[in-house]
Amino acid sequence: MSLLELRKLNKHFGGLHVTNSVDLTLHAGEIHCLIGPNGAGKSTLFRLILGEHHPGSGDIVFAGENITALKSFARIHRGLSVKFQVPGVFKGLSVRQNLEIALQSRHRGRELEAEIGRLLAFLGLESEQAQIAGNLSHGQKQWLEIGMAVSLKPRLLLLDEPTAGMSPEETHMTGEMVQRLNADGMTVLAIEHDMAFVRQVAHRVTVLHLGQVFAQGSIDEIVADERVAAIYLGQAHA
Amino acid sequence: MTGLLAMFRRLEGPQTAGRGPAFWGLFALVLAAALAYPQFSDGYTVGNTVYFFVWVFIALSLCLIWGYGGSLSFGQTAFFGIAGYGYGILTINFGSAYGFTLVALVAAVAIAALFAVLLGYFMFFGRIAGVFLGIVTLAVTLMLERFMAQTAGPEWHIGTARLNGFNGMSAMPPLTIPWPGEPIVLFADVGLYYLVLGLLVFVYLALRILMNSSFGNVIVAIRENPERAEMLGYDIRKYQLITFVIGAALAGLSGVLYTVWGQYITPSSMGMTAAALPLIWVAVGGRSDLTSTVIGTLVVLAAFQALTIYGSQYALVFMGVLLVLTVLIAPNGLVLGVMNWLGRIATRLTQRAG
Ligand SMILES: Nc1ncnc2c1ncn2[C@@H]1O[C@H](COP(=O)(O)OP(=O)(O)OP(=O)(O)O)[C@@H](O)[C@H]1O
Ligand SMILES: [Mg+2]
């Protein structure tokens with residue numbers, strides 16, 4: 001069953017054709033990785049899915065409903081959630097308050113406190129809970145934002161470069177976290193440059209190049225594809 | 001009952017400075033002094049204090065919209081003026097019998113709020129933000145001032161109320177409470193003092209509760225990162241609009257109280273200087289904290305008035321210097337800086353004791 005379907009999505013920024021007739025189908029329950037060179041249009045595709053940008057043409061269908069015209073917050077209510085490329089935590093507020101803001105529309109009172117505690121433990125940020133989020137390390141900010149995104153219990157989690165700036169160990173832990181969430185039924189679409197992470201988690205991989213779907217398949221198929229090596233993996237492995 | 005308790009617990013929280021028995025003890029002390037003060041003073045001085053209090057509401061409105069919400073609005077004086085004129089027009093036409101002045105107070109505030117609904121809807125749903133929000137609100141304020149300034153002719157009247165152009169509208173009745181026997185007229189001394197003080201305490205505590213509630217959380221979240229707030233599922237435009245309307249109502253309350261205090265209102269109350277002064281009070285006090293805003297506003301107003309005795313040009317220069325100092329020394333506000341410093345000392349002392 002498909003959870004998300006992008007149908008012939010087109011987006012221009014002035015003369016730049018950032019996404020060119022993109023067709024992409026996500027199956028419910030899969031971990032799907034989106035890779036491609038810088039400027040390929042990956043983050044823009046996320047913003048189209050989230051309704052921050054509106055496509056010039058094409059449709060976005062989520063769980064059988066055409067959401068192309070919905071406002072962003074309404075899409076979140078349908079079961080989407082995102083961690084942005086640049087960490088988007090509430091910098092001036094404490095870690096705890098960040099999580100409270102994410103959780104408060106679903107939980108109240110003592111239950112809310114318990115949920116915050118559980119999430120702090122899950123993220124390994126218990127001793128940082130009183131800190132101002134802006135003072136966290138880059139990796140901790142990433143985790144905090146992932147935690148906020150996850151706390152919405154989305155059906156589809158969008159992760160834009162979740163491991164950027166993380167050490168190999170941290171990257172691996174993030175991979176395990178994603179797999180744990182997926183085992184609980186969450187579908188995941190992740191943009192990543194770190195091929196170790198992609199190999200660890202991806203069920204399927206899509207390569208985006210110059211705004212177009214360039215290749216799609218299992219990680220082994222993608223790595224074996226000489227055309228992909230020429231435009232992307234070649235340079236990444238050079 | 002538990003709901004009420006939960007509400008009172010929201011008097012303290014991460015969004016408001018001041019907590020614990022020491023803070024509330026001090027609060028009670030200040031309140032007691034404020035209640036007793038008219039007994040030890042004269043009518044003129046008390047009336048002057050009311051004048052200071054009147055401005056605190058517009059300062060709090062700016063604290064809410066700008067300090068907590070992150071949207072710099074120059075439009076607060078527009079709501080101030082609309083409500084002030086609204087009260088004048090209503091009471092000059094319908095008089096003060098049967099407690100109508102109180103109805104007019106509420107109606108005038110409601111008119112200002114309604115205007116904010118229209119303006120705010122256009123701005124927030126039209127995605128006007130940041131600097132542009134400041135420009136649009138300032139333009140609206142100055143337009144209103146220009147418009148009212150040219151209403152000197154006798155053709156400009158609403159019912160029996162002449163708008164009177166630059167001279168302003170005057171001789172509206174003061175607030176009057178119907179009372180068996182003789183109605184109580186709240187002239188600008190002790191009577192009005194207790195009403196305004198009561199309103200001030202109520203608004204201050206209510207805003208504390210509001211800002212520490214889940215609504216307040218969303219408001220500061222929008223200030224910190226509107227995109228992230230929306231991506232947590234919040235309809236941020238709706239929250240911004242509600243905040244803007246609450247702020248407009250508070251500014252309107254200031255306008256009505258100002259009008260009943262002096263029994264006049266002029267277009268210059270919506271002018272450039274009038275729009276800039278509240279920004280200075282709030283910035284100097286500490287825009288992101290209610291208590292700092294209240295203290296900052298009262299202190300700056302008192303200092304301003306003291307200096308005006310030597311000439312208003314000095315007072316204005318003083319305000320400018322104060323603003324520059326604030327930006328240089330304590331960008332989050334001088335009063336807030338001092339309060340945070342005191343808070344740190346208090347924690348250190350309790351830690352040492354414990
Ligand atoms: N708001 C915008 N206005 C104009 N051009 C934009 C805008 N956002 C992105 N672009 C351009 O669109 C192209 C695709 O950008 P996008 O951020 O989607 O790339 P990406 O695949 O996420 O790259 P990276 O791997 O570097 O994050 C780039 O050339 C970028 O400069
Ligand atoms: Mg990107």
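Bear in mind that the values here come from a model prediction, so they are computed numbers and not experimental data.

> Mind showing me how you'd approach unusual backbone geometry here?
Outside of glycine, negative phi angles account for most residues, and trans bonds account for most peptide bonds. Backbone geometry at A:Lys153 places phi at a positive 50°, although glycine is not the residue there. The topology assignment puts A:Lys153 in the loop between helix H5 (138-151) and strand S7 (156-160). Residue class for A:Lys153 comes out exposed when judged on its relative accessible area of 59%. In the Ramachandran plot, B:Arg127 falls in the positive-phi region, its phi being about 55° despite a non-glycine side chain. Structurally, B:Arg127 is set in the loop between helix H5 (100-125) and helix H6 (131-149). With a relative accessible area of 57%, B:Arg127 lands in the exposed category.

> When you look at the packing of helix H4 (residues 76-94) of chain B against H6(B) in this model, what are you seeing that I'm missing?
The geometry of a pair of packed helices is captured by two quantities: the angle between their axes and the separation between those axes. Residue and element names in this part refer to chain B. Two numbers describe how H4 lies on H6: the axes approach to 8 Å, and their chain directions differ by 35°. Our pair here, H4 against H6, has a crossing hand that is left-handed. Every residue of H6 that contacts H4 at Thr-77, Ala-78, Ile-82 and Tyr-85 is listed here: Thr-141, Leu-144 and Met-148. Looking at the contact of H4 with H6, its residues break down into five nonpolar, two polar and no charged.

> Explain the sheet that holds strand S4 (residues 57-62) of chain A to me, please; I cannot follow it from the model alone.
Strand pairing in a sheet relies on backbone hydrogen bonds. The paired strands run either parallel or antiparallel. Residues and elements named next belong to chain A. Reading across the sheet, the four strands line up as S2-S1-S4-S5 and stay open at both edges, with antiparallel pairing between neighbours. Only two strands of the sheet have a single partner each, and these edge strands are strand S2 (16-27) and strand S5 (65-66). Direction of pairing for S4 relative to S5: antiparallel, over a ladder of two bridges. Each residue of the ladder has a partner; that of Phe-62, found in S5, is Glu-65. Against the sheet, helix H1 (residues 42-50) makes contact with strand S1 (2-13), S2 and S4, and its axis sits at roughly 115° relative to S1, the strand it touches most.

> Help me understand the interface of chain B and chain A in this model?
The parts lose accessible area when they come together, and the size of an interface is often stated as this lost area. On the side of chain A, 27 residues touch chain B, which itself brings 20 residues to the contact. For the pair chain B and chain A, the summed buried area comes to about 2000 Å², and 56% of that belongs to carbon and sulfur atoms. Interface area lost by chain B to chain A is led by B:Arg228, B:Met231 and B:Leu232, which between them contribute 35%. Viewed at the interface, chain A and chain B are joined by two salt bridges. Between A:Arg47 and B:Glu227 there is a salt bridge, with the nearest N and O atoms lying 2.5 Å from each other. Summed over the shared surface of chain B and chain A, the result is 14 residue pairs in polar contact (both at pLDDT 80 or more). Listed by contribution, the elements that provide at least two residues to the side of chain B that touches chain A are helix H8 (214-224) and helix H9 (226-230) of chain B. Counting residues per element, the side of chain B that touches chain A draws most heavily on H8(B), at seven residues. For the side of chain B that touches chain A, the class distribution of residues is eight nonpolar, five polar and seven charged.

> Whenever I open this one, the site of ligand 1 confuses me. Can you help?
All names here are of chain A. Near ligand 1 you find 13 residues, and of these Asn-38, Gly-39, Lys-42, Ser-43 and Thr-44 are the closest. Here an oxygen atom of ligand 1 sits 2.5 Å away from a polar atom, N or O, in the side chain of Thr-44. Here His-193 contributes a side-chain N or O atom positioned 3.0 Å from an oxygen atom of ligand 1. For ligand 1, whose unbound accessible area comes to 640 Å², protein coverage reaches 62%. Broken down by secondary-structure element, the contributors of at least two residues to the shell around ligand 1 are S2 and H1. Taken together, the residues of the shell around ligand 1 sort by class into four nonpolar, seven polar and two charged.

> Before we go on, may I ask you to explain the sheet that holds strand S3 (residues 31-35) of chain A in this structure?
All names here are of chain A. Strands sit in the order S6-S7-S8-S3-S9-S10 across an open sheet of six strands; the sheet is mixed. The open sheet terminates on both sides in strands that have one partner only, identified here as strand S6 (80-83) and strand S10 (212-217). Across the sheet, the axes of successive neighbouring strands diverge by a mean angle of 20°, strand direction being ignored. Here S3 pairs with strand S9 (residues 204-209) via four bridges, running parallel. Note that in S9 the partner of His-32 across the bridge is Arg-204. Lying over the sheet, H1 contacts S3, S6, S7, strand S8 (187-191) and S9, oriented at roughly 150° with respect to S7.

> So what exactly am I meant to see when it comes to the coordination of the magnesium ion (ligand 2) here?
Four donors placed tetrahedrally about a metal ideally form angles of 109.5 degrees, and six donors placed octahedrally ideally form angles of 90 or 180 degrees. All names here are of chain A. Note on the magnesium ion (ligand 2): its protein donors are Ser-43 (OG) and Gln-85 (OE1). The metal-donor distances range over 2.0 to 2.2 Å. A residue pair is termed long-range when its members are at least 10 positions apart, and Ser-43 in helix H1 and Gln-85 in the loop between S6 and helix H3 (95-103) qualify at 42 residues. Overall, the relative accessible area of 34% leaves Gln-85 in the partly exposed class.

> How should I be thinking about the environment of B:Thr326 in this particular structure?
Residues and elements named next belong to chain B. One can find Thr-326 in helix H13 (residues 312-329). For Thr-326, a relative accessible area of 2% translates into the label buried. In the structure, Thr-326 is positioned 293 residues away from Ala-33 in sequence and 29 Å away in space, judged by C-alpha atoms. Filtering out sequence-adjacent residues up to four positions away, Thr-326 remains in contact with Ala-283, Val-284, Pro-331, Gly-333 and Leu-334.

> Teacher, can you tell me more about the pairing of S7(A) here?
Here is the key point about a regular strand: its side chains alternate between the two faces of the sheet. Residues and elements named next belong to chain A. With five of five residues buried, S7 lies mostly within the body of the structure. Side chains Leu-156, Leu-158 and Asp-160 project from S7 onto one buried face, and the interleaved Leu-157 and Leu-159 project onto a second face that is buried too. With four bridges joining them, S6 and S7 adopt parallel strand pairing. When the bridges of S7 are listed, Val-82 appears paired with Leu-158. Relative to S8, S7 runs parallel, the two being bridged by five bridges. Note on S8: the bridge partner recorded for Leu-158 is Leu-189. The parallel pair S7 and S8, bridged by helix H6 (residues 168-183), forms a crossover whose chirality is right-handed.

> Could you clarify how one ought to interpret the confidence of the model for chain B in this entry?
As a note on interpretation, predicted positions should not be read in detail where pLDDT is low. Per-chain confidence: chain B averages 92 in pLDDT, with 99% of residues scoring 70 or above. Quick note on the complex model: pTM equals 0.94, ipTM equals 0.94.

> How do you make sense of the confidence of the model for chain A when you look at a structure like this?
In the predicted model, chain A carries a mean pLDDT of 93, and the fraction of residues at 70 or more is 98%. The secondary structure element of chain A with the lowest average pLDDT is helix H9 (residues 226-237) of chain A, at 77, and the one with the highest is S8(A), at 98.

About the thresholds
- Residues numbered from 1 in each chain as written.
- Chains lettered and ligands numbered in written order.
- Predicted model: local features only at pLDDT ≥ 70, side-chain atom pairs only at ≥ 80, totals over all residues.
- Heavy atoms only, no water.
- Helix = DSSP H or I, 4+ residues; strand = E, 2+ residues; numbered from the N terminus.
- Buried < 20%, exposed > 50% of the residue type's maximum accessible area, 1.4 Å probe, protein only.
- Axes fitted to C-alpha atoms, helices over the stretch in contact; angles between N-to-C directions.
- Left-handed = near helix turned anticlockwise from the far one by under 90°.
- Contact = heavy atoms within 4.5 Å.
- Nonpolar A, V, L, I, M, F, W, Y, C, P; charged D, E, K, R; others polar.
- Pairing = 2+ DSSP bridges.
- Buried area = accessible area lost by both parts, 1.4 Å probe.
- Salt bridge = Lys/Arg side-chain N within 4 Å of Asp/Glu carboxyl O.
- Polar contact = N/O pair within 3.5 Å; in protein donor to acceptor, adjacent residues only side chain to side chain.
- Near = heavy atom within 4 Å.
- Areas by Shrake-Rupley, 256 points an atom, 1.4 Å probe, with all protein chains shown as cover.
- Donors = N, O, S within 2.8 Å, 3.2 Å for Na, K, Ca; no water.
- Right-handed = clockwise from strand over helix to strand, strands pointing away.
- pLDDT = per-residue confidence, 0-100.

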